[in-house]
Structures are given as C-alpha cells and as structure tokens.
Amino acid sequence: MTLGVILFGYFVTFVSAEGVADVVLSCALLDEGGLSGMAGGALFTRTQATLVLRDVAVSSDQTEETLTPFIPPSVPDPDFILLEVKVSSPEIPNAEMLLHADCNEQEVMCEISRYFPRGSQETPGPAYFMVSISVEGEEFSTALILQTLPVEKNHSGGETLIQNKLGLPLSQSGSVLTEVAFLVFSGVKSVSGPLRSDVLLNCGFRQQEMPSTQEVVIEWRRQHRGQGQKVLEMKTRLDDAEGSTLVHTERPGSAMDVPLVASENNASMSLTKLRISDEGTYICTVSIGLFHAQQVIQLHITQPPHVSLSEQKLVLNTKTPQMLSCHCSKYYPLDAQMEWLSSSTGETEPTVLPHQGSLTSHRLHGDGTYSLTSHLPLPSSITAGTTITCRVSHAALSSPLSVSVLVEHPEPDSYWFFVGLLVITVLFFYQVMR
Ligand SMILES: *[C@@H]1O[C@H](CO)[C@@H](O)[C@H](O)[C@H]1NC(C)=O
C-alpha cells in the first residue's frame, strides 16, 4: 500500500497522572473508497480523524508544563472518527518527542489506514489499523499496527453505536478502542557519512507478548532512482535458538547484530566502507506473526572537496598575462560553488572579483566523486600586496573552504643577490680546481 504524506496542525496533550500523559493527534484517515485495484494508489480519500494515545510515559519535568486537556465529545457521535490507543504495552519508544513537538509547535504527520494482517479472515475478530507518525524536523518516526478491543456492553441498556465510516462499534465515550499489536520505529529519518566511513541505519520493533519461538523476518532494501534491491535479509526466532538464524547478505559489509534482534528487538543494519553506490532510500521491513510494518531511512554520501591553488607563490609580472587555477577535487554530491575574491592589505572583507574564472566541466572519478577546476586570468588591475582567494562551498562542508595566495612584488634586489652568489661560487670552484 502506498502511503502519501499529509501535514496536520492541531495537536493537544493532556497529563492524566504522574508520569503519564495523553497525546491527541489530528490525523488523516486514508481510505481507498472502493477504488482499490486502480493503479497508482493516488485515489485515496482522506478523512479527518483523531487519535488519542493514552498513558504515554513522560519524565516528571514534562508534567509541569502547561498542557491543554483533551475533551472527548459529550455525546458519542457516530460521524466523528476517534481512535483511542492504550500504549502501555508495548510502549512507543521516544513517544515523549510527541509532547516536545507540541511545545515547539512542530508539525506532526499522522496517517491512518485499515490494515489486513496476512492470512487473517476479515470477520469476525478484531479490526486492524496501520498508523504512521513522524515529527517534522525531529528524529521520530514510527509505524503502529493497532488492534481493536472488544466493546463492553452498554449498562444503560441502550444500543451500541456503530461508527458510520468504519462500521465498528463505539465505546461509551464515542471512540474506537484499540491497543498496539506491533510497531516498527526508527530514531532517524536520514543519515549521511563520508566515503569509506561506516554507518548504522537504525530500526527497531516492539510487539505484544508472543511465544519466543515466533519467527521474525527482517529485510533491508535499498531504492534509488526507481531501482530497488535487497541488501540484507535475516530470519530468526525471538529466542535466537541455536540454528534458527539465517542471514543473507547481498552487499558485502552489511550486517545485523543477531543477538540484539532477539534480546532488544533491534533490527539496525550497519554498512561498512561506504561507497557512492550505497546512496539511496533504505527500507527496514519487520515481519512477525501476521504483521509486517516498515520504516524508511535516507542515506546520503557527503564527501568534502580538497581545495588547492596552482601556485604556492605568485610574483606579479606586468609583461605577460598570468593565470591562477583553483582545483576542487574528489567531492560528492555534484553541486559545488567556486568563487574568486580579492583583498588588499588593510581591507578586512575580501570582495568578489567582477570577472570570475572559467570553469572546466566536472570530472567524474572511478569512485563516483567529482572534481572541478576554475582558471582565473589575473586581472591587470591587480597590484602587489593583494590577496587572491578561491572560496568553495559544498554540502559536505559546514562552512566554505578558502585557499589564498598573496601577490608579491617582483624583487630585482634578490635577483642580483643570487646572480652575485652564483658568480662567487663559480670563481671559488675555479680556484679550487686549479
Ligand atoms: C540498536 O543498537 C545500536 C548499537 O548498540 C544502537 O546504537 C541503536 O540505538 C539501537 N537501536 C534500536 C532501535 O534499539
């Protein structure tokens, strides 16, 4: 199923007791609206829905903050979509981030869709939802599978209301009661590293109590420019029993820590000696029992350029035109800006030269990195004492990199000194050899 991304603004929290809080999220319920089977998956209808995460564990300092209480509708409304989730077991890792997001007015992306576990009969039994939550600009992302709880009989003898859109029974507070059956989370949305470095792509999962003989399948795939390929696949059991683990690696240097999968439900994958060809979108899919859910992480390679000038020393020559070159080499990605500046003695801020040099085309190296050179014919207006700087900006550099050379006076005095020294040396050897 393709999930789009939708942004929703409002968002409230409600501290209910010491150390726990309720998080109320405004979500989009994606509904294929009977159009399933049509290509593209773009024909979802989106309906506003409210998700209440009950009893999210928070640190005590959080409870002091001013939080707006969530008020459920006074009369249950069968048109209102309210999903209530008990999140105490399993817990949502780092769910506190959702509280911080509220305080920092960050946007929370939340999407809900119906989920059909593999091999499950649709009726009777619980209904399932897949919920994706992430926080803008924060390293928080999770995919939850929610399972509906049976609704208690109405004591006042009235009819149990049925939610109009979902066709599910409502609790007395007008919500669809659920619990977390399974979740996959990642602490990061994107990772970057230089060439030949090692990275860890973070992915973890949590599930309700399950027999420890339960099989877990973890698959890491990489997608780039419309092409996908498997990187690593692992089958193991929650008890990591001897001989129960199978690992299949497509990329040499990709690995998972098998004992960590069983002991901490940690499905992170490490990649060693990064190459340009490792760049892409990584998808961690965890399958356990009837459920499977995934997380997506971007991997970027950022290799800073090495910058150098063609001349270490530049002596002004007014007779012949002079050329200075700036080499910016072995960087990635492609975009690099080169700029020539000059500053005279006493000037604090260098000024950008009106006539910038001519750039060569990008050269591509065997390891996928690029190089670029800029040739600057020295402007005739340049005087001795001027400093010429080549400034390079690149995504892999936190601030631009500069290399400079000072334009020097031609020095006739030292020239005659060397000629004199040479004459004396020749005369000396002439005397010795005689
Ligand atoms: C998995 O283990 C690694 C190494 O100990 C750690 O850095 C990472 O945060 C863990 N991830 C999860 C999801 O538990």
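Above this text sits the structure in question.
Owing to the predicted nature of the structure, the values given are computational and were not obtained by experimental measurement.

> Describe the overall build of the protein, listing the residues and the values that go with them.
From N to C terminus, the protein includes three helices and 28 strands. Residues classed as buried in the protein amount to 41% of the 434 residues present. Taking contacts inside the protein between residues at least 6 apart in sequence as the whole, the part at least 24 apart equals 63%. With the model as given, the accessible surface of the protein reaches about 23400 Å², and the carbon-plus-sulfur share is 55%.

> Describe the side chain of Gln-147, and please don't skip the residues or the numbers.
Here Gln-147 lies in strand E7 (residues 141-148). Those residues within four positions of Gln-147 in sequence are excluded, and the remaining contacts are Pro-126, Ala-127, Tyr-128, Leu-177, Thr-178, Glu-179, Ala-181, Gln-208 and Phe-291.

> Could you give an account of the nonpolar core, with specific residues and numbers?
Counting residues in hydrophobic clusters, the biggest one holds 63 residues, and the most contacted among them are Phe-205, Trp-220 and Val-286. Counting residues per element, this core draws most heavily on strand E18 (residues 291-301), at five residues. Ranked by size, the runner-up nonpolar core spans 37 residues in total, among them Ala-21, Leu-168, Leu-170 and Val-180.

> An account of the sheet that holds strand E13 (residues 227-237) is requested, with residue identities and associated values reported.
The strand order across the open sheet built from six strands is E9-E18-E17-E12-E13-E14, with neighbouring strands paired in mixed fashion. In this open sheet, the two strands that pair with only one neighbour each are strand E9 (190-193) and strand E14 (246-249). With direction set aside, neighbouring strand axes in the sheet form an average angle of 20 degrees. Relative to E13, strand E12 (residues 215-224) runs antiparallel, the two sharing 10 bridges. Looking across to E13, one finds that Gln-223 is bridged to Gly-228.

> Pulling in residues and values, what's your account of the packing of aromatic side chains?
Under the definition given, this model contains six aromatic pairs. Centre to centre, the rings of Phe-182 and Phe-205 are 6.4 Å apart; their planes meet at 50 degrees, and the pair counts as tilted. Remark: Phe-205 occurs in strand E11 (residues 204-207) and Phe-182 occurs in strand E8 (residues 176-186); sequence separation between them is 23 residues. One exposure class covers both Phe-182 and Phe-205, and it is buried. One aromatic cluster is present, built from ring pairs that chain together Tyr-128, Phe-182, Phe-205 and Phe-291.

> Outline the state of the cysteines, supporting the account with residue identities and numerical values.
The full count for this structure, using the stated rule, is three disulfides. Residue pairing for Cys-27: its cysteine sulfur links by disulfide to Cys-110, the two sulfurs lying 2.0 Å apart. The sign of the S-S torsion, about 80 degrees, decides the handedness of the disulfide formed by Cys-27 and Cys-110: right-handed. With Cys-27 in strand E2 (residues 20-31) and Cys-110 in strand E5 (residues 108-115), this pair connects stretches of sequence that are 83 residues apart.

> Residue-level account of the site of the ligand, with values.
As a matter of local geometry, the ligand sits amid Phe-185, Leu-200, Asn-202, Cys-203, Gly-204, Leu-260, Asn-266 and Ser-268. Taking Asn-202, its side chain carries an N or O atom lying 2.7 Å from a nitrogen atom of the ligand. One of the side-chain nitrogen or oxygen atoms of Asn-266 is found 2.3 Å away from an oxygen atom of the ligand. Summarising the interface, the protein chains cover 55% of the accessible area of the ligand, which totals 360 Å² for the free molecule. Looking at side-chain class alone, the shell around the ligand contains four nonpolar, four polar and no charged residues.

> Hey, could you go over the pairing of strand E26 (residues 370-377) for me, with residue numbers and the actual values?
Among the eight residues in E26, six count as buried, and that is most of the element. Pairing between strand E21 (residues 323-331) and E26: seven bridges, direction antiparallel. The residue of E26 that forms the bridge with Cys-326 is Ser-374. When strand E25 (residues 363-364) meets E26, the two strands line up antiparallel, connected through two bridges. Within E26, the position partnered with Arg-363 by the bridge is Ser-371. In this structure, the hairpin formed by E25 and E26 is closed by a connection of five residues, where Gly-368 is found at a positive phi of approximately 90 degrees.

> I'd love a proper account of the pattern of salt bridges, names of residues and values included.
With the rule as written, the count across this model stands at 13 salt bridges. For Asp-278, the salt bridge goes to Arg-251, with nearest N and O atoms at 2.6 Å. Taken together, the residues Asp-278 in the loop between strand E16 (269-271) and strand E17 (280-288) and Arg-251 in the loop between E14 and strand E15 (254-256) connect sequence positions 27 residues apart. A cluster of three or more residues bridged by salt bridges with shared partners is formed by Asp-22, Arg-54 and Glu-84.

> Which residues make up the sheet that holds strand E27 (residues 387-394), and what values do they have?
Picture the strands of a sheet paired through backbone hydrogen bonds; they go either parallel or antiparallel. Within the open sheet, the five strands sit side by side as E20-E28-E27-E22-E23. Their pairing is mixed. Strands with a single pairing partner mark the edges of an open sheet, and in this sheet they are strand E20 (314-315) and strand E23 (351-352). Strand direction decides the pairing type here: strand E22 (residues 336-343) and E27, joined by eight bridges, are antiparallel. Paired with Ser-342 across the strands is Ile-388, a residue of E27.

Cut-offs and rules
Residues numbered from 1 in each chain as written. Predicted model: local features only at pLDDT ≥ 70, side-chain atom pairs only at ≥ 80, totals over all residues. Heavy atoms only, no water. Helix = DSSP H or I, 4+ residues; strand = E, 2+ residues; numbered from the N terminus. Buried < 20%, exposed > 50% of the residue type's maximum accessible area, 1.4 Å probe, protein only. Contact = heavy atoms within 4.5 Å. Areas by Shrake-Rupley, 256 points an atom, 1.4 Å probe, with all protein chains shown as cover. Core = buried A, V, L, I, M, F, W, Y, C linked by side-chain atoms within 4.5 Å. Pairing = 2+ DSSP bridges. Axes fitted to C-alpha atoms, helices over the stretch in contact; angles between N-to-C directions. Phe/Tyr/Trp six-rings, centres within 6.5 Å; stacked < 30°, edge-to-face > 60°. Disulfide = S-S within 2.5 Å. Near = heavy atom within 4 Å. Polar contact = N/O pair within 3.5 Å; in protein donor to acceptor, adjacent residues only side chain to side chain. Nonpolar A, V, L, I, M, F, W, Y, C, P; charged D, E, K, R; others polar. Salt bridge = Lys/Arg side-chain N within 4 Å of Asp/Glu carboxyl O.

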